[in-house]
Amino acid sequence: MTNGNSLDPWYDSYAQRTAGLSASEVRALFAVASRPEVVSLAGGMPYVSALPRELVTGSIDRVMAEDAAMALQYGGGQGLRSLREHIVDVMSLEGIRASAEDVVVTTGSQHALDLVTRLFIDPGDVVLAESPSYVGAIGVFRSYQAETVHVTTDEHGLVPEALREAIANLRTQGKRIKFLYTIPNFHNPAGVTMSRERRIEVLDICRSNGILVLEDNPYGLLWFDEPAPQAIRSIDDEGVVYLGSFSKTLAPGFRVGWALAPHAIREKLVLANESAVLAPNSFGQYVVNAYLDAADWKGQVDTFRGLYAERRDAMLSALGEFLPDLSWTKPNGGFFVWLTLPEALDSKGMLPRAVKELVAYTPGTAFYADGRGGGNIRLSFCYPTPEQIRLGVKRLATVVNDELELLETFGHATRSNVRESRTSVVAPPPNVS
């Protein structure tokens, strides 16, 4: 072997698609954010301490007493039948009527997202996604050499007219659009929810253009003031692949998610699942199944909703108190608030100063495939206590105000990411609670 470089002798041997593999800005923050003195408003980690331990240990004990031989063995590529039936019941809460036959259990919904992308994307194909979009999805699309094209989003979700324009422009360029990726409920990172009217219109646009809809819904049951509109999949069972997960409503450590797909796609997903992992995690499936069999899981979801709503309120109140001149979204569920910075401030460039002030956040640049997002910050309220959230926002305000003071003293810097590219946001009143 004569090529390569001094750091990696195999550099010239990698497949071209590995050029799309890069470290997630969210993951890169974990080492810093895990320090006890740092208030982390960065990662979207569920508050699993609110899950009573006896619910989990009881489920594990039942599995080991009744199903250990199967739970500790390989399983089928589609997943445990009884769990898939439970999943159908879970999805019915959002208006979805489905058969367990069309559910494929995966190692978390991230795995399902990877499998769908693997099935549909050839190098150079286009994926349409909201502006901004989930960092994990962008990484998957990039790894399969897709081009991610962002579509404008506002406080009511994806803008249908912007979707029409994006499709027309791409078709004019001769590009192939494979699917629209959307998080319609309590969006990550924007925190907004797509209205019922827009869901219908977006689906009609995709139908008329022969574009598959990939609906990712990890937060749908975690609503605060009122439920989100029913799932897009509830309107159309042929043009939509629906992704779900137990990571947010139970615990991410089980790594159990699923895809609900039209029959033909489902068959290919099972084959792709078997090719990738032979079978999804048998033990995790059996434990989740036992939990859904015996526990008051809907009551536990209610507990999570109350806890996250309290923390959402703490964050909005702190933003109104310490950063009243800024604007942000007001989520009705989920984990995240999307903050817009004053002109000329750059969220990624400001992060080292924030860490020095013992607060961490995720820069908006993590949620774009094209380098935009410097004027935004994703703030997560799911894990810190209300008191920590208030302290973290107070520290963030110190950073923002110090940066503004420097700009006033030395003149305005030019941000590479223009303001016009940002997602529209709702500006709450100064004393919102």
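First, a word on what this report is: a plain description of the structure on this page. (Residues numbered from 1 in each chain as written. Predicted model: local features only at pLDDT ≥ 70, side-chain atom pairs only at ≥ 80, totals over all residues. Heavy atoms only, no water.)

### Here's the deal with the sheet that holds strand 4 (residues 147–154)
If you trace the 8 strands from one edge of the open sheet to the other, you get 2-9-8-7-6-3-4-5, paired in mixed fashion. If you trace the sheet from one side to the other, it starts and ends with strand 2 (103–106) and strand 5 (157–158), each paired once. Note that strand 4 and strand 5 share 2 bridges and pair antiparallel. Bridge pairing in strand 5 places aspartate 154 opposite glycine 157. (Pairing = 2+ DSSP bridges. Helix = DSSP H or I, 4+ residues; strand = E, 2+ residues; numbered from the N terminus.)

### Focus on helix 5 (residues 108–120)
Helix length check: helix 5 (13 residues) gives 19 Å between terminal C-alpha atoms against 18 Å at 1.5 Å per residue, within 8%. Listed in full, the buried residues belonging to helix 5 are Gly108, Ser109, His111, Ala112, Leu113, Leu115, Val116 and Thr117. (Expected span 1.5 Å × (residues − 1). Buried < 20%, exposed > 50% of the residue type's maximum accessible area, 1.4 Å probe, protein only.)

### Section: the pairing of strand 9 (residues 257–260)
Covered by surrounding structure in strand 9 are Gly257 and Ala259 together with Trp258 and Leu260, the residues of both alternating faces. Sheet topology places strand 2 next to strand 9; 4 bridges connect them, and they run antiparallel. Bridged to threonine 106 within strand 9 is glycine 257. As judged from the 4 bridges shared by strand 8 (residues 240–245) and strand 9, these two strands associate in the antiparallel manner. Looking at the pairing, tyrosine 242 lines up with leucine 260 of strand 9.

### Considering the packing of aromatic side chains
Evaluated as defined, the whole model comprises 11 aromatic pairs. On the basis of an interplanar angle of 80 degrees and a centroid distance of 5.8 Å, the ring pair of tryptophan 338 and phenylalanine 367 is categorised as edge-to-face. Separated by 29 residues along the polypeptide, tryptophan 338 in strand 11 (residues 336–340) and phenylalanine 367 in the loop between strand 13 (362–363) and strand 14 (376–380) bring together distant segments of the chain. Relative accessible area serves as the criterion here: at 0%, tryptophan 338 is assigned to the buried category. Linked through ring pairs, Tyr219, Phe304, Tyr308, Phe335 and Phe336 together constitute an aromatic cluster. Its guanidinium or amino end placed over the ring of tyrosine 47, arginine 311 lies 4.2 Å from that ring's centre, counting from NZ or CZ. (Phe/Tyr/Trp six-rings, centres within 6.5 Å; stacked < 30°, edge-to-face > 60°. Lys NZ or Arg CZ within 6 Å of the ring centre and 35° of its normal.)

### Here's the deal with the pairing of strand 8
For strand 8, the tally of buried residues reaches 6 of 6 residues, placing the bulk of the element in the interior. In strand 8, alternate side chains face the same way, and those of Val240, Tyr242 and Gly244 on one face and Val241, Leu243 and Ser245 on the other are all buried. Bridge count between strand 7 (residues 212–216) and strand 8: 4 bridges; the pairing is parallel. Paired with glutamate 215 across the strands is tyrosine 242, a residue of strand 8.

### What about the environment of isoleucine 235?
When you line up the elements, isoleucine 235 lands in the loop between strand 7 and strand 8. Placed 35 residues apart in sequence, isoleucine 235 and isoleucine 200 show a C-alpha to C-alpha distance of 7.7 Å. When near neighbours in sequence (up to four residues on either side) are disregarded, isoleucine 235 contacts Arg196, Arg199, Ile200, Leu203 and Arg207. (Contact = heavy atoms within 4.5 Å.)

### Concerning the packing of helix 5 against helix 9 (residues 263–277)
Contact geometry for helix 5 and helix 9: axes closest at 10 Å, N-to-C directions at 110 degrees. When the interaxial angle is binned, helix 5 and helix 9 end up roughly perpendicular. Every pair of crossing elements has a handedness; the one defined by helix 5 and helix 9 is right-handed. For the pair helix 5 and helix 9, the contacting residues are His111, Leu115, Val116, Arg118, Leu119 and Phe120 in the first and Ile265, Lys268, Leu269, Ala272, Asn273, Ser275, Ala276 and Val277 in the second. (Axes fitted to C-alpha atoms, helices over the stretch in contact; angles between N-to-C directions. Parallel < 35°, antiparallel > 145°, perpendicular 65-115°, else oblique. Left-handed = near helix turned anticlockwise from the far one by under 90°.)

### Notes on the sheet that holds strand 10 (residues 327–328)
Here 4 strands make up an open sheet; going across it, the order is 10-11-14-13 and the pairing antiparallel. Both edges of this open sheet fall to strand 10 and strand 13, since each of them pairs with a single strand only. Strand direction decides the pairing type here: strand 10 and strand 11, joined by 2 bridges, are antiparallel. Along strand 11, the bridge assignment pairs tryptophan 328 with leucine 339.

### As for the nonpolar core
Counting residues in each nonpolar core, the largest one holds 78 residues, and the members touching the most others are Leu83, Phe246, Tyr308, Leu319 and Leu379. Examining the composition of this core, we find that 12 residues originate from one element, helix 11 (residues 297–322), more than from any other. Apart from residues no more than four positions distant in its own chain, leucine 319 is found in contact with Pro324, Trp328, Val337, Leu339, Leu379 and Val393. (Core = buried A, V, L, I, M, F, W, Y, C linked by side-chain atoms within 4.5 Å.)

### Details of the pattern of salt bridges
Evaluated as defined, the whole model comprises 20 salt bridges. Measuring nitrogen to oxygen at the nearest pair gives 3.1 Å for the salt bridge that ties glutamate 85 to arginine 81. Here glutamate 85 and its partner arginine 81 are both found in helix 4 (residues 81–92), 4 residues apart, which amounts to about one turn of the helix. The class of arginine 81 is partly exposed, set by a relative accessible area of 38%. For arginine 390, the salt bridge goes to glutamate 321, with nearest N and O atoms at 2.6 Å. With arginine 390 in helix 13 (residues 386–410) and glutamate 321 in helix 11, this pair connects stretches of sequence that are 69 residues apart. According to the relative accessible area criterion, arginine 390 is partly exposed, its value standing at 38%. A relative accessible area of 44% places glutamate 321 in the partly exposed class. Overlapping salt bridges bring together Asp122, Asp125, Arg176 and Lys178 as one network. (Salt bridge = Lys/Arg side-chain N within 4 Å of Asp/Glu carboxyl O.)

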